[in-house]
Structure formats: C-alpha cells, structure tokens
Amino acid sequence: MQLFLDTAEISEITARTGAGLVDGVTTNPSLMAKSGADIFERIAEICAAVDGPVSAEVVATDLEGILEEGRRLRAIADNVVVKLPLTADGLKACHIFSGEGIPTNVTLCFSLNQALLAAKAGATFVSPFVGRIEDMGGDGLGLLEAIREVYDQFGYETAILAASLRSATHVEMAARIGCDAATLPPKIFDSMILHPLTETGLKAFLDDWKKTGRSGLT
Ligand code: G3P
C-alpha cells in the first residue's frame, strides 16, 4: 500500500523520509495557500524531496483552463500527478490527460458513481474523502469498500487513494479494504508508529539493562 503525506510543507516531508515509508505527497489549494509558497516553486521542491508521485491541483474550473494549468504543473517534474476536480470538465480533462500519458488524481470523490466515472475517464488515482463523508454522518469507509468491489468487478486499474483520513484507525481500515494508497496529514502518519506498549516495553528493557551497570552493549 502506498502512503502519501498530505501537506505542502517541505519540513514536514523531509522529517519523515529516510525509512522507505513515504511513497509520495498530495497537495491541494488549501494546503498550498496555507504554506504561502509559490505553487510552481513549492511543487518543484517537493518533487525533488520525494521519489514518488506528487499531486498538484489545478484551480481552473473550465476545460480549457484545467488543461492549460494541468500542463504547466506537469511540466514542473516527471513525478507530478495532475490533480483534477470531480466535475464534468475535470473528467474530460482526465480523459485527455490519460490519452497523453499524463498521470491524474481525480479528487473530491464522495460517491460510488463519481468513482465509477473517474475510472471510466482513465484516472490514475481517485481520491474518496472519507473524513468529510463521516463529518456529514455518512459512511466513508463503506464508500471505500464499494469502490474496491466495483473496480475489481470490472477490472478498472484506477488506484483508490483514501483521502481526508482523520485517524490511524482510518489508515488500518483503508488497508484492510484494499485501497491502493492513502494520504495522511503528518500527525496521522506519526501516530501509525506509536503504541503505548512499545513505549513501556522499551522503557522496561532499557531499565533492566541499565541495572547491569553496563554502558551501551558492553
Ligand atoms: O487533500 C485531500 C484531503 O486529504 C483533504 O482532507 O482533512 O481537508 O478533509 P481534509
């Protein structure tokens, strides 16, 4: 399963690389705006910092504008994935980019029908927003299951990228469901590593070792 960091902050990315755990990065206009950075410069920096797909999102909403922005973003680096909204024009752009071999991430997916259309349009990734569905009282994980079932049934190769995840449990569930990827805010990524028994167990091991009076292993 691929794990992406959902951030536009370079320091949040570089602090978590080096263990083979970060497979890529996703950004969106809100994260980019929060960073205050120039989108072209920041996407170039992120692409240099990670060896994997980096989703960069268009802000145009008409087909011509989406195509123009998507091509400019894609020209930044070979690992740019053009992130497109799940709208009629976004899906047309997805189909065109797919024909040109440009990878895409169709975002803001909230229903099985939308995911079906993204796959038919040739999306590389589809991003169902689990947390935002749950915020509205819906079944975000149920949507992931339904998309997995339908994609497998018809052999669609679009990768399911679980997004808008709110907890480490969401990540575990996305993995069990068979999502191809998940994108995580840095603090959720960090929480995957932690378990209280690991912490207390390590402390007990080290305390026992210290009682021997040895320093280090000898
Ligand atoms: O980047 C897309 C998605 O992960 C956004 O999540 O927390 O803003 O719903 P959130």
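Quick note: structure is the one above.
In this report, we go over the structure that sits alongside the text. In this text, all values refer to a predicted model and were calculated from it rather than measured experimentally.

## Regarding the state of the cysteines
No. 1: Taken as a whole, this structure holds 0 disulfides when the rule is applied.
No. 2: The thiol of Cys109 is not disulfide-bonded; the next cysteine sulfur, from Cys179, is found 11 Å away.
No. 3: Given a relative accessible area of 0%, Cys109 falls into the buried group.
No. 4: A relative accessible area of 5% means that Cys179 is categorised as buried.

## Description of the packing of aromatic side chains
No. 1: For the structure on display, the rule yields 4 aromatic pairs.
No. 2: Residues Phe4 and Phe125 carry aromatic rings whose centres are separated by 5.8 Å and whose planes lie at 80° to one another, so their mutual orientation is edge-to-face. With Phe4 in strand β1 (residues 2-6) and Phe125 in strand β6 (residues 125-128), this pair connects stretches of sequence that are 121 residues apart.
No. 3: Look at Phe110 and Phe129: their rings are 5.5 Å apart centre to centre, the planes differ by 65°, and that puts the pair in the edge-to-face class. Separated by 19 residues along the polypeptide, Phe110 in the loop between β5 (104-109) and α6 (112-120) and Phe129 in the loop between β6 and α7 (130-135) bring together distant segments of the chain.
No. 4: According to the relative accessible area criterion, Phe110 is partly exposed, its value standing at 35%.
No. 5: Each residue in the set Tyr151, Phe154 and Tyr156 is aromatic and connected to the rest through ring pairs, giving one cluster.

## Observations concerning the site of the ligand
No. 1: Around the ligand sit Asp6, Asn28, Lys83, Phe129, Arg132, Ala163, Ser164, Arg166 and Thr183, and those are all the residues in its vicinity.
No. 2: Within the side chain of Asp6, one N or O atom sits 2.7 Å away from an oxygen atom of the ligand.
No. 3: Here an oxygen atom of the ligand sits 2.7 Å away from a polar atom, N or O, in the side chain of Arg132.
No. 4: Put simply, the ligand lies in the largest pocket.
No. 5: Of the residues in the shell around the ligand, the class split is 2 nonpolar, 3 polar and 4 charged.

## Focus on the layout of surface pockets
No. 1: Size it by volume and the largest pocket reaches roughly 440 Å³.
No. 2: Surrounding the largest pocket, 26 residues form its lining, Asp6, Thr7, Asn28, Leu31 and Pro185 being those nearest its centre.
No. 3: Elements with a minimum of two residues in the lining of the largest pocket: α2 (29-35), β5 and α10 (186-193).
No. 4: Here the element with the most residues in the lining of the largest pocket is α2; it accounts for 4 residues.

## Thoughts on the nonpolar core
No. 1: Grouped together as the largest cluster of nonpolar side chains are 55 residues, with contacts concentrated most on Leu84, Leu144 and Leu184.
No. 2: When residues in this core are grouped by element, the largest group, 5 residues, is from helix α8 (residues 140-154).
No. 3: If we skip the residues at most four places from it in the chain, Leu184 touches Leu3, Phe4, Leu5, Asp6, Leu165, Val171, Phe189 and Met192.

## Remarks on α6
No. 1: Those residues of α6 that fall on the buried side of the exposure criterion are Ala115, Ala118 and Ala119. For α6, the arc enclosing every buried residue in end-on projection is 100°, short of the 170-degree limit, so these residues lie on one face. Across from the buried face of α6, at angles greater than 90 degrees, the exposed residues are Asn113 and Lys120.
No. 2: Contact partners of the buried residues in α6: α5 (88-99), β5, β6 and α8.
No. 3: Two residues or fewer past α6, Gly122 is found with a positive phi of approximately 90°.

## Regarding the pattern of salt bridges
No. 1: Under the definition given, this model contains 10 salt bridges.
No. 2: Among the ionic pairs, Glu57 bridges to Lys83, the shortest N-O distance being 3.7 Å. Here Glu57, found in strand β3 (residues 54-57), pairs with Lys83, found in strand β4 (residues 80-85); they are 26 residues apart in sequence, far enough to count as distant. With respect to burial, Glu57 and Lys83 carry one shared label: buried.
No. 3: With a closest N to O distance of 3.1 Å, Arg148 and Asp180 form a salt bridge.

## Remarks on unusual backbone geometry
No. 1: Phi at Leu108 takes a positive value of approximately 65°, unusual for a residue other than glycine.
No. 2: Its place among the elements puts Leu108 in strand β5.
No. 3: A positive phi angle, near 55°, is found at Ser164, a position not held by glycine.
No. 4: Examined against the element boundaries, Ser164 turns out to sit in the loop between β7 (159-162) and α9 (168-177).

Cut-offs used in this document
- Residues numbered from 1 in each chain as written.
- Predicted model: local features only at pLDDT ≥ 70, side-chain atom pairs only at ≥ 80, totals over all residues.
- Heavy atoms only, no water.
- Disulfide = S-S within 2.5 Å.
- Buried < 20%, exposed > 50% of the residue type's maximum accessible area, 1.4 Å probe, protein only.
- Phe/Tyr/Trp six-rings, centres within 6.5 Å; stacked < 30°, edge-to-face > 60°.
- Helix = DSSP H or I, 4+ residues; strand = E, 2+ residues; numbered from the N terminus.
- Near = heavy atom within 4 Å.
- Polar contact = N/O pair within 3.5 Å; in protein donor to acceptor, adjacent residues only side chain to side chain.
- 1 Å grid on protein atoms, 1.4 Å probe; cavity = no way out; pocket = protein on both sides within 12 Å on 5 of 7 lines; lining within 4 Å.
- Sits in = over half its atoms within 2 Å of the grid points.
- Nonpolar A, V, L, I, M, F, W, Y, C, P; charged D, E, K, R; others polar.
- Points joined across faces, edges and corners; volume = space filled by probe spheres on them.
- Core = buried A, V, L, I, M, F, W, Y, C linked by side-chain atoms within 4.5 Å.
- Contact = heavy atoms within 4.5 Å.
- Arc of directions from axis to C-beta.
- Salt bridge = Lys/Arg side-chain N within 4 Å of Asp/Glu carboxyl O.

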